[in-house]
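Here's the letter readout for the chains.
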Amino acid sequence: MLIIGILIAFAGLYAMITLEGAHVEALLLPAPMILVFGATIAIGLAGGTVRDAKEAVRALPRALRGLKGSSEDLIVTVVGYAEKARSEGLLALEDAVAEEKDPFLRQALQNIADGTDAEDLRILMEDQVATTASVRRTAARFYTTLGGYAPTVGIVGTVVSLTHVLEKLDEPSTLGPLIAAAFVATLWGLLSANFIWLPIGARLQRLAEIEVDRMTLLTEGMLAVQAGSPHHLVEERLRALAPDAGGKRRREKPGDKAAAEPAEESA
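Residues numbered from 1 in each chain as written. Predicted model: local features only at pLDDT ≥ 70, side-chain atom pairs only at ≥ 80, totals over all residues. Heavy atoms only, no water.

Asks: Just to check I follow, could you spell out the pattern of salt bridges for this structure?
Replies: Counted under the stated rule, the structure contains nine salt bridges. The residue Lys84 makes a salt bridge to Glu88 at a minimum N-O spacing of 3.4 Å. With Lys84 and Glu88 both in helix 4 (residues 71-88), this residue pair falls four residues apart, about one helical turn. A relative accessible area of 52% means that Glu88 is categorised as exposed. With a shortest N-O distance of 3.4 Å, Glu220 and Arg237 are connected by a salt bridge. With Glu220 in helix 8 (residues 172-227) and Arg237 in helix 9 (residues 231-241), the pair connects residues that are 17 residues apart, well separated along the chain. Here Arg237 falls in the partly exposed class, since its relative accessible area comes to 42%. One network of salt bridges, with partners in common, ties together Arg122, Glu126, Glu220 and Arg237. (Salt bridge = Lys/Arg side-chain N within 4 Å of Asp/Glu carboxyl O. Helix = DSSP H or I, 4+ residues; strand = E, 2+ residues; numbered from the N terminus. Buried < 20%, exposed > 50% of the residue type's maximum accessible area, 1.4 Å probe, protein only.)

Asks: Explanation requested: the packing of helix 2 (residues 30-46) against helix 7 (residues 118-166) in the structure shown.
Replies: When two helices pack together, you describe them by how their axes are tilted relative to each other and by the distance separating the axes. Interaxial distance between helix 2 and helix 7 falls to 8 Å at its minimum, and their mutual angle equals 135 degrees. Judged on the interaxial angle alone, helix 7 and helix 2 are oblique. Relative to helix 7, helix 2 is oriented so that their crossing is right-handed. Where helix 2 approaches helix 7, its residues Leu35, Val36, Ala39, Thr40, Ile41, Ile43, Gly44 and Leu45 are matched on the opposing element by Phe142, Leu146, Tyr149, Ala150, Val153, Gly154 and Gly157. Along the lines of polarity and charge, the residues of the contact of helix 2 with helix 7 split into eleven nonpolar, four polar and no charged. (Axes fitted to C-alpha atoms, helices over the stretch in contact; angles between N-to-C directions. Parallel < 35°, antiparallel > 145°, perpendicular 65-115°, else oblique. Left-handed = near helix turned anticlockwise from the far one by under 90°. Contact = heavy atoms within 4.5 Å. Nonpolar A, V, L, I, M, F, W, Y, C, P; charged D, E, K, R; others polar.)

Asks: Hey, could you run me through the nonpolar core in this one?
Replies: Note that soluble globular proteins tend to have their nonpolar side chains buried in a common cluster. Counting residues in hydrophobic clusters, the biggest one holds 30 residues, and the most contacted among them are Val78, Leu93, Leu109, Met222 and Val225. Aside from chain neighbours lying at most four places away, what touches Leu109 is Tyr81, Leu93, Ala96, Val97, Glu100 and Met222. Ile6, Ala59, Ala139 and Ala140 belong to the second largest nonpolar core, which has 16 residues in total. (Core = buried A, V, L, I, M, F, W, Y, C linked by side-chain atoms within 4.5 Å.)

Asks: It is not clear to me how the layout of surface pockets should be interpreted in this structure. Could you clarify?
Replies: If you add up the space inside the largest pocket, you get close to 730 Å³. Looking at the lining of the largest pocket, the element that brings in the most residues is helix 8, giving four residues. (1 Å grid on protein atoms, 1.4 Å probe; cavity = no way out; pocket = protein on both sides within 12 Å on 5 of 7 lines; lining within 4 Å. Points joined across faces, edges and corners; volume = space filled by probe spheres on them.)

Asks: Whenever I open this one, the packing of helix 6 (residues 103-113) against helix 7 confuses me. Can you help?
Replies: Direction vectors running N to C along helix 6 and helix 7 enclose 165 degrees, while the axes themselves pass 11 Å from each other. By the criterion of interaxial angle, the relationship of helix 6 to helix 7 is roughly antiparallel. You can see that helix 6 and helix 7 cross each other, and the crossing is right-handed. Facing Phe104, Ala108, Asn111 and Ile112 of helix 6, the residues of helix 7 in contact are Leu121, Leu124, Met125, Gln128 and Val129.

Asks: It is not clear to me how the environment of Asp117 should be interpreted in this structure. Could you clarify?
Replies: Among the secondary structure elements, Asp117 is positioned in the loop between helix 6 and helix 7. Asp117 sits 109 residues away from Gln226 along the chain, and the two C-alpha atoms are 9.2 Å apart.

Asks: Explanation requested: a nonpolar patch on the surface in the structure shown.
Replies: Side chains of Ile3, Leu7, Leu60 and Leu64 sit close together on the surface and give an oily, nonpolar patch of about 350 Å² of accessible area. One can find Ile3 in helix 1 (residues 2-19). (Patch = residues over 30% accessible without salt bridge, like charges linked within 9 Å, V, L, I, M, F, W, Y side chains within 5 Å. Areas by Shrake-Rupley, 256 points an atom, 1.4 Å probe, with all protein chains shown as cover.)

Asks: Help me understand the environment of Gln128 in this model?
Replies: Position of Gln128 among the secondary structure elements: in helix 7. By relative accessible area, which is 33% here, Gln128 ends up partly exposed. Residues Gln128 and Met215, spaced 87 residues apart in sequence, show a C-alpha to C-alpha distance of 8.9 Å. Other than its neighbours up to four places away in sequence, Gln128 contacts Phe104 and Met215.

Asks: Is there a simple way to explain the side chain of Thr116 in this structure?
Replies: You can see Thr116 is positioned in the loop between helix 6 and helix 7. Separated by 2.9 Å, the side chain of Thr116 and the backbone oxygen of Asn111 make a polar contact. Filtering out sequence-adjacent residues up to four positions away, Thr116 remains in contact with Asn111, Leu121 and Gln226. (Polar contact = N/O pair within 3.5 Å; in protein donor to acceptor, adjacent residues only side chain to side chain.)

Asks: Help me out: how do you make sense of a negative patch on the surface in this one?
Replies: There is a patch of like negative charges on the surface, built from Glu94, Asp95, Glu99 and Asp114. Inspection of the secondary structure assignment puts Glu94 in helix 5 (residues 94-97). (Lys, Arg positive; Asp, Glu negative; His and termini not counted. Charge placed at Lys NZ, Arg CZ, Asp CG, Glu CD.)

Asks: For this particular structure, what's the right way to read the packing of aromatic side chains?
Replies: Two aromatic rings are characterised by how far apart their centres lie and by the angle between their planes. Applying the stated rule across the entire model yields five aromatic pairs. Ring geometry for Phe37 and Trp197: centres 6.4 Å apart, planes at 65 degrees, overall edge-to-face. Here Trp197 lies in helix 8 and Phe37 lies in helix 2, a separation of 160 residues in the sequence. Residue class for Trp197 comes out buried when judged on its relative accessible area of 9%. Their ring planes at 20 degrees and their centres at 6.4 Å tell us that Tyr143 and Trp197 sit as a pair that is stacked. (Phe/Tyr/Trp six-rings, centres within 6.5 Å; stacked < 30°, edge-to-face > 60°.)

Quick look at the structure:
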């Protein structure tokens, strides 16, 4: 969605330029673009640490592809582990460690199989959730910060260009094109901020919220599994916590339906 949204935004800009009879080439001036993009990124690097910049670069592919799976998938997985733990014991979960692809869930399974205390397991999982949230917020904040710098850098470029325009007052025929070119820097500052940096930052922030919600869901689910809760109670608990699955009813099994019919007749 990020790429689609950005492309639509630039398509709207292109449509406006075309309808007004202008030319795109008038905006594609190397000097203001180099200043706006180069100086904005440089200032963003100067305002943070090398680690912040690395995390931001690593987070960019995640912003493009989004998160895989859903809360519904996690609920089904955890409920399966709850059934396995109730029927075969907690030690049986160790067999699922190697097959589990989610590193957070895999670590929880290993700790449960190793007999980690419930309170210690909660602390370990909540600490990992907090660390993940901090890293994700740092990456989102980096791009949001670039979105704040870019318009100001564009204004700086315009001021520099207008200073050059004032040097050409003795050549009136050149003032029009020079003034128009001067404002291209401001335009690219606003465009880069609102069409690129701020959307990336906002998307990373939202993805971070979703990821933290899912990790919290897994934390509560695996603690319930460790406590030996029945799988249907685990499912109901997780659906109440999941924003995108809370409204769905638990899948009924044939035995559940048969057991429910006598109760309805007696009522």
